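A look at the structure
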Amino acid sequence: MTVRALLRFDNASARRGRLVPIFAAGFALASVGVALAGLSAGGAVVVQGFARTSISLLQLTLWTVPLLALLLGAVSGAECAELELLTALPLPRTHIVVSRWAAWTIALTISLALGFGAAGVVIGILAGSADVARYVALIGVATLLVSASLAIGLWIGIAARSRARAVGFAVLVWFVLVVGADLTAIALLSILPAPASSWSLLLLLTANPVDSARALGLGLFQADVVAGPTGAALHRLLGGPGAVLVLTGLIAWTVVPLRLAGLRFAKQDL
Amino acid sequence: MIELHGVTKRFGTQLALAPLTLTVAPGEIVALVGPNGAGKSTTLRILAGALHPDAGSALIGKRNVVTDPLQARRHLGYLPQRLGVPLSAVVGDLALLVAAARGLPAAAGPSALVNYGLGDRLDATLGEMSGGQRQRAMLALATLGPIEALVLDEPSISLDVDGADEVREAIRAAKRGGAAVLFASHHLSDVAQLADRIAVMVAGELVACGTLEELAASTGVAWDRRVMDAPIERIYRLLVRGRTRIQDAA
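Keep in mind that this is a model prediction, so the values were computed, not measured.

1. What about the packing of helix H2 (residues 19-36) of chain A against helix H5 (residues 93-127) of chain A?
Residues and elements named next belong to chain A. Following both chains from N to C, one finds H2 and H5 inclined at 35 degrees, their axes separated by 7 Å at the closest point. Relative to H5, H2 is oriented so that their crossing is right-handed. Contact with H2, carried on its side by Val20, Phe23, Ala24, Ala25, Gly26, Phe27, Ala28, Ser31, Val32 and Ala35, involves Ala107, Leu108, Ile110, Ser111, Leu112, Leu114, Gly115, Phe116, Ala118, Ala119, Val122 and Ile123 of H5 and no other residues of that element. Considered class by class, the residues forming the contact of H2 with H5 number 18 nonpolar, four polar and no charged.

Below is the structure:
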């Protein structure tokens, strides 16, 4: 009863702003734009099918979704320090943190579903419905990434305590996850002996939620067909237990930061 | 009942609250007065669970706010000095949440707002309400349901004359209901009208606590209940300034 009331309260706040329709419109425009970006040999604009659109959109999703979710999570986490009225109610503070995470995860997932869904209808009408499952899988991967990035952002925001500091740290973490971790991976793989490198690659993929989402996305899309040798290598690596490990890692990137955020908030002075 | 036993709080190296011991009995109203930075809000925020004490114990109805926080807060009504929720929150949703958290029927939350003349603002966000409406809404929610302790930080702030009357009436109603009421205020007329006892704090220390008559006797101020405001201001100044002079000399 209390959990439902808390979620309803946070849900209403998350949806009250204009962020959900703005993000939905942004995702829809990006999807349609990517789908229209393919040029036929004759130079006329044609619409790409779901398979190629999904692969192209994956990269865009890996850059934008973590940034949005980290920033929203960080601001939402920093706001926790201002919830003196809620913390004076007989509610565990961890519930307050989990409720905020759930509300924003739901709001961003709705944005993704609306945006990609609207674009999907256009692509389906113009280019046919072949490989639509890959497109749906992209939304699933993006949702997992939203969930993990929001949890990390909340942890950052609660630890930082001020909006400005939280936003600064969130941008730094985004840069490390999206760019820095890849550079580290390349450096490590170049100095490690060959037999160790495939396991090292798997561990590096698991250690970064953005890379986990990338690997999972490419694996789901049978990237060996549409993403060349890189996709083929990933597909081989992710066969069987590798995919399970990466998926578990991505879920852990939600659970662990959320738990740490809850523990930190429970002990914190407001 | 509200009990504070040797409660201490530091912010870094700054001592915000020297060991503080204070009890508010059921059906009693105690006012905390003192200059800014005296430790009034720190005391109230420790009771509400917003701050953790460094030492000592704070109890609400015999339940420790640190070791048994959920039970302690189950019958606590709290009005913070700052709003304590985002301005984007819808007041009706907030009322439903407070009712659910206190184990009351869902309708109890909105009903409390209606009773405070906010029936037409249930769908408004706190940001869309005036300062006075916001304060009334917060007061309605603080006093929602059966409460054993009511803790209010500057309850009359940003209220007009009628609003201030409502606050005084809500505090008296809580007292009649058997709640222990502890409130901080700079409005000495409120203090004189409402408080059974007055606790004077300066620089984190409780420098005096007693009825207005007792404080008047201790400071040598002539006491006349018919002209209440004048003596209480004089008593306040004597107690606070006297203490400040002692600290300056030290």
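Now that the structure is up, let's keep going.
2. Observations concerning the sheet that holds strand S2 (residues 14-24) of chain B
Backbone hydrogen bonds hold the strands of a sheet together, and the pairing may be parallel or antiparallel. Residues and elements named next belong to chain B. Read across the open sheet, the four strands follow the order S2-S1-S4-S5; overall the sheet is antiparallel. The sheet terminates laterally at S2 and strand S5 (63-64), the two strands that pair on one side only. Inspection of the sheet shows strand S1 (residues 2-11) paired to S2 by seven bridges, in the antiparallel sense. Residue pairing in the sheet places Arg10 in a bridge with Leu15 of S2.

3. Section: the pairing of strand S10 (residues 205-210) of chain B
All names here are of chain B. Bridging between strand S9 (residues 197-202) and S10 involves five bridges; their strand directions are antiparallel. Looking at the pairing, Ala199 lines up with Cys209 of S10. Counting the residues in the hairpin turn of S9 and S10 gives two residues, including Ala203, whose phi is positive at 50 degrees.

4. Re the nonpolar core
Formed by 162 residues in total, the largest nonpolar core has its most connected members in Ala31, Leu141, Val151, Val181 and Leu182 of chain B. Inspection of this core shows a minimum of three residues originating in each of domain 1 (2-75 + 149-210) and domain 2 (82-145) of chain B.

5. Comments concerning unusual backbone geometry
Residues and elements named next belong to chain B. The backbone of Lys62 sits at a positive phi, close to 70 degrees, despite the residue not being glycine. On the basis of neighbour counts, which here come to 11 C-beta atoms within 10 Å, the residue Lys62 falls in the exposed class. Unusually for a residue other than glycine, Glu154 sits at a positive phi of about 50 degrees. Secondary-structure assignment places Glu154 in the loop between strand S7 (149-153) and helix H6 (161-176).

6. A closer look at the packing of H2 of chain A against helix H3 (residues 50-79) of chain A
All names here are of chain A. Two numbers describe how H2 lies on H3: the axes approach to 9 Å, and their chain directions differ by 150 degrees. Relative to H3, the element H2 is oriented roughly antiparallel. Crossing geometry of H2 relative to H3 is assigned as right-handed. Each of Phe23, Ala30, Ser31, Val34 and Ala35 in H2 lies in contact with H3, whose residues at this interface are Thr53, Ser56, Leu57, Leu60 and Leu68. Among the residues forming the contact of H2 with H3, the class breakdown is seven nonpolar, three polar and no charged.

Cut-offs applied
- Positions within a chain are numbered from 1, following the residues in the order the chain's sequence is written.
- For this description, chains carry letters from A and ligands carry numbers from 1, given in the order in which they are written.
- For this predicted model, a pLDDT threshold of at least 70 governs which residues receive local features, and a threshold of 80 or more governs which side-chain atom pairs are given and counted, while totals over whole chains, interfaces and linings are taken from all residues.
- A fitted line through C-alpha atoms represents every axis, and for helices the fit uses only the stretch in contact; the resulting angles, taken between N-to-C directions, go from 0 to 180 degrees.
- Strands are runs of DSSP state E lasting at least 2 residues, helices are runs of H or I lasting at least 4, and numbering of each runs from the N terminus.
- Whether a crossing is left-handed or right-handed is set by the direction in which the near helix is turned from the far one by less than a right angle, anticlockwise for left-handed and clockwise for right-handed.
- Residue pairs are scored as contacts if the distance between their C-beta atoms, which are placed from the backbone, is within 7 Å.
- When residue character is reported, Ala, Val, Leu, Ile, Met, Phe, Trp, Tyr, Cys and Pro are called nonpolar, Asp, Glu, Lys and Arg charged, and the others, Gly included, polar.
- Here the rule is simple: two strands pair whenever DSSP picks up at least two bridges between them.
- As used throughout, a nonpolar core is a set of buried Ala, Val, Leu, Ile, Met, Phe, Trp, Tyr and Cys residues joined through C-beta atoms within 7 Å of each other.
- The burial criterion counts other C-beta atoms lying within 10 Å of a residue's C-beta, which is placed from the backbone; the residue is buried at 20 or more, exposed at 12 or fewer, and partly exposed between these limits.
- Segmentation into domains, and thus their bounds, comes from an automatic or database assignment.
- When an angle is under 35 degrees it counts as roughly parallel; over 145 it counts as roughly antiparallel; between 65 and 115 it counts as roughly perpendicular; any other value is oblique.

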